[in-house]
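# Examining the three-dimensional arrangement
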Amino acid sequence: MQTIEVVIESPRATQAKFKYDPKTKLFKLKRLLPLGMVFPYDFGFIPDTVGEDGDPLDALVMSEFGSFTGAHLTCRIIGALKAVQGKEGKKAVRNDRYFCVPVGSITYSPIENIDQLGKEHNKQIEEFFINYNKVDGKVFTCLGIVDPEKASKMIKNGRE
């Protein structure tokens, strides 16, 4: 089983979007989500990677528990959402979301592929990211979900 490290920026069920600042080595409040909108799972990044947007690759950590800002979790990949993101009228860039499960999870331990969580679950995750970006004045377009093997290859490319 291949594992990766994920650093949590915004824990599940929080309205606050935190962003890690590598210069100060601190997590700073970037913005608040609209009333009633919260992160469905822990959201963070995969260290030592870079996406097309210049930031580390984004990861959504699915588990039965919420962690905290700054937590480092050892996870296994269960898939990815391929997507492009950009401001209105500007060139969009790839900004995929990687789905993973912490190695210590009990409830999610049988999940090996994001598709095991069902089409409705995955559609709601896509809608969350579309609406999350819309609030920030960005357009987020989903290009499809890929399996863990393809997602792992995409992460490898983000490390190179």
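This section reports on the structure supplied with the text. Just so you know, these numbers come straight off a predicted model, no measurement behind them. (Residues numbered from 1 in each chain as written. Predicted model: local features only at pLDDT ≥ 70, side-chain atom pairs only at ≥ 80, totals over all residues. Heavy atoms only, no water.)

## Focus on the packing of aromatic side chains
The final tally for this structure, using the stated rule, is 12 aromatic pairs. Taking 5.0 Å as the distance between ring centres and 55 degrees as the angle between the ring planes, the aromatic pair formed by Tyr20 and Phe27 counts as tilted. What makes Phe27 partly exposed here is its relative accessible area of 28%. Connected via pairs of aromatic rings, a cluster forms that spans Phe39, Phe43, Phe128, Phe129, Tyr132 and Phe140. Above the ring of Tyr132, the side-chain terminus of Arg31 is found at 4.5 Å from the ring centroid. Positioned over the ring face of Phe129 is Arg97, at 4.8 Å from the centre of the ring. (Phe/Tyr/Trp six-rings, centres within 6.5 Å; stacked < 30°, edge-to-face > 60°. Buried < 20%, exposed > 50% of the residue type's maximum accessible area, 1.4 Å probe, protein only. Lys NZ or Arg CZ within 6 Å of the ring centre and 35° of its normal.)

## Considering the nonpolar core
Counting residues in hydrophobic clusters, the biggest one holds 20 residues, and the most contacted among them are Leu60, Met62, Ile78, Phe99, Phe128, Phe129 and Tyr132. Contact partners of Phe99, with chain neighbours within four places excluded, come to Leu60, Met62, Arg76, Ile77, Ile78, Gly79, Ala80, Leu81, Ile114, Ile125 and Ile145. Counting residues in each nonpolar core, the second largest holds 18 residues, with Val61, Cys75, Ile77 and Tyr98 among its members. (Core = buried A, V, L, I, M, F, W, Y, C linked by side-chain atoms within 4.5 Å. Contact = heavy atoms within 4.5 Å.)

## Comments concerning helix α1 (residues 119–135)
Its 17 residues give α1 an end-to-end C-alpha distance of 25 Å, which sits within 8% of 24 Å, the value for a rise of 1.5 Å per residue. Of all the residues in α1, the buried ones are His121, Asn122, Ile125, Glu126, Phe128, Phe129, Tyr132 and Asn133. Taken down its axis, α1 places every buried residue within 150 degrees of arc, on the same side. Turned more than 90 degrees away from the buried face of α1, the exposed residues are Lys119, Glu120 and Lys134. Immediately downstream of α1, the backbone of Gly137 shows phi near 75 degrees, a positive value. (Helix = DSSP H or I, 4+ residues; strand = E, 2+ residues; numbered from the N terminus. Expected span 1.5 Å × (residues − 1). Arc of directions from axis to C-beta.)

## Regarding unusual backbone geometry
Backbone geometry places Ala13, a non-glycine residue, at a positive phi of 70 degrees. The exposure class assigned to Ala13 is exposed, which follows from its relative accessible area of 57%. Here Asp48, not a glycine, exhibits a phi torsion of approximately 65 degrees, which is positive. Within the secondary structure, Asp48 sits in the loop between β4 (42–46) and β5 (57–61).

## Details of the environment of Tyr41
Turning to its location among the elements, Tyr41 is positioned in the loop between β3 (26–32) and β4. Owing to a relative accessible area of 9%, Tyr41 belongs among the buried residues under this scheme. Sequence separation of Tyr41 and Phe18 is 23 residues, and the distance between their C-alpha atoms is 14 Å. Look past the residues within four positions of Tyr41 in its chain and what remains in contact with it is Ser10, Pro11, Arg12, Leu60, Val61, Met62, Ser63, Tyr108, His121 and Ile125.

## Looking at the pairing of β5
Among the 5 residues that make up β5, 5 are buried, leaving the element largely enclosed by the rest of the structure. Relative to β5, β4 is paired through 5 bridges, and the arrangement is antiparallel. From the neighbouring strand, Ile46 faces β5, where its bridge partner is Leu57. (Pairing = 2+ DSSP bridges.)

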